[in-house]
Amino acid sequence: MRAEFLAFLVLLLALGVQRLNELRRSRINEESLRARGGFEVHPEHYPVMVALHASWFAAMLLEAHFRGGPVDLGTYWPVLGALALGFGLRRYSMSVLGDRWSTRIFIVPGEPPIRRGLYRYIRHPNYLGVVLELAAVPLLYQAWGTAVIWSIANLFLLRHRIRLEEQALSSYQAPESAARSEPY
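Keep in mind that what you see is a predicted model, and the values were worked out from it rather than measured.

Draft legend 1. Looking closely at the overall build of the chain. Counting its secondary structure elements, the chain contains six helices and two strands. Scanning the chain from its N terminus toward the C terminus, one meets helices and strands in the order α-β-α-α-β-α-α-α. Summarising its shape, the C-alpha atoms of the chain cover approximately 60 × 30 × 25 Å along the three principal directions. Taken over 184 residues, the chain has a buried fraction of 41%. If you take every contact in the chain between residues at least 6 apart in sequence, the share linking residues at least 24 apart comes to 85%. Split by element, the accessible area of the chain, about 10100 Å² in all, is 68% carbon and sulfur. Put simply, the chain has 20 plus and 15 minus side-chain charges, and the middle of one group is 2 Å from the middle of the other.

Draft legend 2. View of the pattern of salt bridges. Counted according to the given criterion, the structure contains eleven salt bridges. Residues Arg161 and Glu165 are paired through a salt bridge, measuring 3.1 Å at the closest nitrogen-oxygen approach. With Arg161 and Glu165 both in helix α5 (residues 144-173), this residue pair falls four residues apart, about one helical turn. Counted as one network, the salt bridges with shared partners bring together Arg19, Glu22, Arg90, Arg91 and Glu133.

Draft legend 3. The nonpolar core, seen in detail. In this structure, Phe8, Leu12, Trp56, Met60 and Val137 are the most contacted members of the largest nonpolar core, which totals 23 residues. Sorting the residues of this core by element identifies α1 (3-35), α2 (46-66), α3 (73-97), α4 (125-139) and α5 as the ones contributing at least two each. With seven residues, α2 is the largest single contributor of residues to this core. With near-sequence residues (within four places) excluded, Trp56 lies in contact with Leu15, Arg19, Glu133, Leu134, Val137, Pro138, Thr146 and Trp150.

What counts and how
Residues numbered from 1 in each chain as written. Predicted model: local features only at pLDDT ≥ 70, side-chain atom pairs only at ≥ 80, totals over all residues. Heavy atoms only, no water. Helix = DSSP H or I, 4+ residues; strand = E, 2+ residues; numbered from the N terminus. Buried < 20%, exposed > 50% of the residue type's maximum accessible area, 1.4 Å probe, protein only. Contact = heavy atoms within 4.5 Å. Areas by Shrake-Rupley, 256 points an atom, 1.4 Å probe, with all protein chains shown as cover. Lys, Arg positive; Asp, Glu negative; His and termini not counted. Charge placed at Lys NZ, Arg CZ, Asp CG, Glu CD. Salt bridge = Lys/Arg side-chain N within 4 Å of Asp/Glu carboxyl O. Core = buried A, V, L, I, M, F, W, Y, C linked by side-chain atoms within 4.5 Å.

In short, the description is geometric, and any link to function would need to be established separately.
Pasting the structure below:
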């Protein structure tokens, strides 16, 4: 086994452990949200999101094994920069959102959306971080097919998820009469 591929496997293992820890953190945060009267909306999209992210790992590993190779020096630093920026945006979002961060769509009626820090300028910095990571990680080992296909699929999924989140937020932050008139 090539040393570069072994290093890529170690990175994927570390990312997998990180994602599992995030799922645990999300469940803890969801308990806190429920304790404040929060509830999940649009749970039907969640299995699709989980499948997309799990298959991303599998596709990346398979493509790297059969077709990939170490990143060339011309793309290494931009890819590493995109990965670092994506990771930073996701960590920042988790920090700012605190116990409101979840992998599911949760609403706590009456709690306004976060509008401080980057959230004053970018509505969903966490999702921008996810977009960057999904594209960058496969490129570290020349898995271009995974980077392109899963990035496109993720963009469609995020577009749908953001629309669902925005609908839910507007429904539960709006006056009661307006909330009843709009479906969520």
